[in-house]
Amino acid sequence: MASGANRVDLDGRPIKPMTICMIGAGGFIGSHLCEKLMTETPHKVLALDVYNDKIKHLLEPDSVEWSGRIQFHRINIKHDSRLEGLIKMADLTINLAAICTPADYNTRPLDTIYSNFIDALPVVKYCSENNKRLIHFSTCEVYGKTIGSFLPKDHPLRDDPSFYVLKEDISPCIFGSIEKQRWSYACAKQLIERLVYAEGAENGLEFTIVRPFNWIGPRMDFIPGIDGPSEGVPRVLACFSNNLLRREPLKLVDGGESQRTFIYIKDAIEAVLLMIENPERANGHIFNVGNPNNEVTVRQLAEMMTEVYAKVSGEGAIESPTVDVSSKEFYGEGYDDSDKRIPDMTIRNEDSLI
């Protein structure tokens, strides 16, 4: 067993093996978290999802050293009576289930709201009623737009970090108008956060909320027509990769001026494992997880990817490597966006979850 015998928590206490009910285990984050738990801990995982393609290597063959510590349950949490029983069997529930592809937010707003709020309600309810700890995955999008984005572009306060760095316990959540249905995702995620927080305040639910800031890595997305459907719009890295492979200009939505901070999935998972194994430090907290020192504009990202691809492939860049497109043309009616996403990491660091 790759258990990490004699492992201790941040306070020097032995870490006891636990059973984790992971909802959405077959997705990007879930697959990497399952890998981490299987290869470095003695914990058991009840892996719930509709698909298991991304964790098949963990389920087969029976000879793997963690055989018996991970069980896959093919479940759609919208309508499956087994959900509460599986949550009862576990010490901890981690909810990763969501629709979280930006192209869907304004084109499938009902599915987005139902998936991220309505479908999550039973999970919160069962954890609260059965006194089970919950780690709920939210999103950095709950912050919406920064305060600084409403200032004139040449205003000196736009350079003041207090106007754009996003803090879990201070920053407001500022969304666009109702007609901008792109905010359906952020709004649903914020509302389920408020429900989780209220269950903690009123009914004693032990919870931790995670706000990922642009986690990237293997198994994150698909290249249309290659390892995914021909139609559909994946996230920005896969979109750019698709353009590069097809030797097409990289499409910069609204000029590519939006700014993002990216972090590699395996670095982010380290933080999640600390939350799992240090409940006394993590309970009742909301944690940003990202890299505030790795900010780029989408245009800069396109330039970097074009340069790297040219070196790796040996092919020179095409004559016009990028092209500007409007958000309406690319995503459809009702799209809007946040300007900057820079996480403040003070709370995580103060709780020594480093």
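Look up a bit, the structure's there.
Rules behind the numbers
- Residues numbered from 1 in each chain as written.
- Predicted model: local features only at pLDDT ≥ 70, side-chain atom pairs only at ≥ 80, totals over all residues.
- Heavy atoms only, no water.
- Core = buried A, V, L, I, M, F, W, Y, C linked by side-chain atoms within 4.5 Å.
- Buried < 20%, exposed > 50% of the residue type's maximum accessible area, 1.4 Å probe, protein only.
- Helix = DSSP H or I, 4+ residues; strand = E, 2+ residues; numbered from the N terminus.
- Contact = heavy atoms within 4.5 Å.
- Expected span 1.5 Å × (residues − 1).
- Pairing = 2+ DSSP bridges.
- Salt bridge = Lys/Arg side-chain N within 4 Å of Asp/Glu carboxyl O.

Colleague: Could you give an account of the nonpolar core, with specific residues and numbers?
Modeller: Nonpolar side chains tend toward joint burial in soluble globular proteins. Counting residues in hydrophobic clusters, the biggest one holds 49 residues, and the most contacted among them are Met 22, Leu 37, Ile 94, Phe 137, Trp 215 and Ile 276. Per element, the largest residue contribution to this core is eight residues, and it comes from helix α9 (residues 265–277). Discounting chain neighbours no more than four positions away, the residues touching Ile 276 are Met 18, Ile 20, Leu 33, Leu 37, Leu 92, Ile 94, Arg 133 and Ile 135. Cys 21, Ile 87, Ala 90 and Ile 286 belong to the second largest nonpolar core, which has 24 residues in total.

Colleague: Give me helix α7 (residues 184–203): which residues, what numbers.
Modeller: For α7, with 20 residues, the first-to-last C-alpha span of 28 Å sits near the 28 Å given by 1.5 Å per residue. Inspection of α7 places Ser 184, Tyr 185, Ala 186, Ala 188, Lys 189, Gln 190, Ile 192, Glu 193, Val 196, Glu 199 and Gly 200 among the buried residues, and these make up the whole buried set. Looking at the buried side of α7, the elements it contacts are α4 (102–105), α5 (109–116), α6 (121–129), β5 (133–137), β7 (207–212) and β12 (285–289). Just past α7, the residue Gly 204 takes up positive phi, approximately 80°.

Colleague: Would you mind going over the pairing of β12 in detail, with residue names and values included?
Modeller: Within β12, four of the five residues are buried, leaving the element largely enclosed by the surrounding structure. As paired strands, β7 and β12 are joined by five bridges and run parallel to one another. The partner of Arg 211 across the bridge, within β12, is Asn 288.

Colleague: Report on the pattern of salt bridges, specifying residues and quantitative values.
Modeller: Here the idea is simple: oppositely charged side chains can pair when their charged atoms come close. Inspection of the entire model under this criterion finds 26 salt bridges. Glu 277 is the salt-bridge partner of Arg 7, the closest N and O atoms lying 2.7 Å from each other. Of the two residues, Arg 7 sits in the segment before β1 (19–23) while Glu 277 sits in helix α9, which places them 270 residues apart along the sequence. In this pair, the class of Arg 7 matches that of Glu 277, namely buried. Ionic pairing is found between Lys 328 and Glu 333, a salt bridge with its closest N-O pair at 3.2 Å. Judged by its relative accessible area of 54%, Lys 328 is exposed. The network of salt bridges with common partners includes Asp 9, Asp 11, Arg 13, Glu 280 and Arg 281.

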